[in-house]
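Structural overview for review
Listed below are the residues making up each chain.
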Amino acid sequence: MKTTITTRGVDQAARSRHWHETIGRAYFPLDLSFRRPEAFDGELTSWQLGTVSLSRLTSDALLYRRLPRHLTAQGPEEFLVTVPAKSEVRFSQCGKEVRANPGAFILERSDEPYEFSHAEAADLWVMKVTADMLGGRVRAPDRFCSLEFDATNGANGLFVDMLHLVPGRYDAMTEETRATVGRQLVDLLALALQSDDRVLTSGLSSVRAGHLARIEAFVHRHIDDPDLGPEGVAAGCGISVRYLHELLRDTNTTLGQWIRDRRLQAAQEDLANPADARSIGEIAYAHGFADQAQFSRAFRARFGLTPKEMRAGHRRTDPA
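The rules behind the values
Residues numbered from 1 in each chain as written. Predicted model: local features only at pLDDT ≥ 70, side-chain atom pairs only at ≥ 80, totals over all residues. Heavy atoms only, no water. Helix = DSSP H or I, 4+ residues; strand = E, 2+ residues; numbered from the N terminus. Buried < 20%, exposed > 50% of the residue type's maximum accessible area, 1.4 Å probe, protein only. Contact = heavy atoms within 4.5 Å. Lys, Arg positive; Asp, Glu negative; His and termini not counted. Charge placed at Lys NZ, Arg CZ, Asp CG, Glu CD. Salt bridge = Lys/Arg side-chain N within 4 Å of Asp/Glu carboxyl O. Expected span 1.5 Å × (residues − 1). Bend = angle between axes of the 7 residues up to and from the residue. Pairing = 2+ DSSP bridges. Axes fitted to C-alpha atoms, helices over the stretch in contact; angles between N-to-C directions. Disulfide = S-S within 2.5 Å. Core = buried A, V, L, I, M, F, W, Y, C linked by side-chain atoms within 4.5 Å. 1 Å grid on protein atoms, 1.4 Å probe; cavity = no way out; pocket = protein on both sides within 12 Å on 5 of 7 lines; lining within 4 Å. Points joined across faces, edges and corners; volume = space filled by probe spheres on them. Nonpolar A, V, L, I, M, F, W, Y, C, P; charged D, E, K, R; others polar.

Quick word on the overall build of the protein chain
Across its full length, the protein chain carries 12 helices and 12 strands. Projecting the C-alpha coordinates of the protein chain onto the three principal axes gives extents of approximately 65 × 60 × 35 Å. For the protein chain, the residues scored as buried account for 48% of the 320 residues in total. For the protein chain, restricting intrachain contacts to residue pairs at least 6 apart in sequence, the fraction spanning at least 24 positions comes to 70%. Averaging the locations of the 40 positively and 43 negatively charged side chains of the protein chain gives two centres separated by 2 Å.

Dropping the structure here:
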């Protein structure tokens, strides 16, 4: 689904309220401060890609605040990936501030207060993705909210290039294709985040962070192995099991929890894809679950639905 909302034709006295409502629907509730509320202009076009949304937002100077009161009734945690195409943007969250100019991108986290602003008219590309979906691909994605990422080189540039290609191809895509493109965008984002050298040295010593990066990469490559566990991961990364557990204590999760969550998230995405004709058992086995009953119990505990219910909720009714 594609939608466009604009301030054109809206009475000047109602423009600030109109834009408040527009932003809240597209992203999540925020407080907005306008330089000139009576003369504000803005336009937002959004494209839905399965559970991922992409939007292009052009507007006059603005300050957005995510306040503690906005967090009391929030839904699932989400991330916004913002790519400025015009003017510098400023973002601060959890005591850290980052500035980004065209040619860069940043991440914003929904479940912590923050401020985001641009002092001049801006043109922004924004991708919204759930924390579950991003966290299923990269460990602790909130650690990236204090960094500015280069949007011009390598996997980073490919991610941003693909964002820009979506609008021109959108109308020719089926719903299944759009959902697949959304997942691929998140895959590219995860690759871009993990390939940045600063990620290896943020918050931990470079040696420990380097080991954690190798652990993540090894788990991703072997996620379909039902016997994947501490011994195999430690051996594959050239470290002891004891040191593996010591490293993971820094992340507030266990290896088993992270592997299980990654497998469940990948299975959920496949079950939500109407184009995936595999049986529930085949999907479970493809993601490393050796026991379908155990998979179903874990899936229901994680998502509140059985795998069968999840699949049924995403099946499209064939036209009569």
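Moving on from the model shown.
Describing the pattern of salt bridges
Side-chain pairing between opposite charges can occur once the charged atoms of the two side chains come close. What the rule picks out here adds up to 23 salt bridges. For the salt bridge of D123 with R56, the shortest nitrogen-to-oxygen distance reads 2.6 Å. One end of the pair, D123, is in strand β11 (residues 122-130); the other, R56, is in strand β4 (residues 52-59), with 67 residues separating them in the sequence. The class of D123 is buried, set by a relative accessible area of 11%. We note a salt bridge from E77 to R109, for which the minimum N-O separation is 3.0 Å. Taken as a pair, E77 in the loop between β5 (62-66) and β6 (78-86) and R109 in strand β9 (residues 104-109) lie far apart in primary sequence, 32 residues in all. With relative accessibility at 17%, the residue R109 sits in the buried group. Here the salt bridges share partners, and the residues they tie into one network are R65, E88, R90, E97, R99 and E115.

Focus: helix α3 (residues 154-170)
The terminal C-alpha atoms of α3, which comprises 17 residues, lie 24 Å apart, in line with the 24 Å expected from a rise of 1.5 Å per residue. Residue H164 marks the point of greatest curvature in α3, where the axis turns by about 25°; the proline P167 follows within four residues. Inspection of α3 places A155, N156, G157, F159, V160, M162, L163, V166 and Y170 among the buried residues, and these make up the whole buried set.

Thoughts on the sheet that holds strand β8 (residues 96-100)
The five strands are arranged β2-β5-β10-β7-β8 in an open sheet whose pairing can be described as antiparallel. With one partner strand each, in any of the chains shown, β2 (31-34) and β8 form the two edges of the open sheet. Going across the sheet, the axis of each strand differs from the next one's by a mean of 15°, ignoring polarity. As defined by bridge partners, strand β7 (residues 89-93) adjoins β8 across five bridges and the pair is classed as antiparallel. Bridging from a neighbouring strand, Q93 pairs with K96 of β8. In the packing of helix α1 (residues 15-26) onto the sheet, contacts are made with β2 and β5, and the angle to β2 comes to roughly 140°.

Observations regarding the state of the cysteines
Taken as a whole and assessed by the stated rule, the structure comprises zero disulfides. C94 forms no disulfide, and the closest cysteine sulfur to it belongs to C145, at a distance of 7.5 Å. For C94, a relative accessible area of 52% translates into the label exposed.

Looking at the nonpolar core
Soluble globular proteins tend to pack their nonpolar side chains together in the buried interior. Formed by 62 residues in total, the largest nonpolar core has its most connected members in W19, F105, L107 and F159. Core analysis: the next-biggest nonpolar cluster, separate from the first, contains 16 residues, L212, F218, V219 and I223 among them.

Let's talk about the layout of surface pockets
Each pocket or cavity is described by its volume, and for the second largest pocket that value is around 480 Å³. Taken together, 24 residues form the lining of the second largest pocket, with G50, T51, Q268, A272 and H314 sitting closest to its centre. Secondary structure elements with two or more residues in the lining of the second largest pocket: β3 (42-49), α2 (131-135), α4 (175-194) and α9 (255-271). Broken down by element, the residue count for the lining of the second largest pocket peaks at four residues, all from α4.

Some remarks on empty space enclosed by the protein
By the definition in use, this model includes two cavities of 30 Å³ or more. Surrounding the largest cavity, I23, Y27, L30, L57, Y64, L80, T82, E108, Y114, F116, L124 and V126 form its lining. Of all elements in the fold, only β6, β10 (114-118) and β11 reach the threshold of two or more residues within the lining of the largest cavity. Of the residues in the lining of the largest cavity, the class split is 10 nonpolar, one polar and one charged. In terms of lining, the second largest cavity is formed by R139, L212, I215, E216, L248, L255 and W258.

Read these as layout, nothing more, since geometry by itself doesn't imply function.
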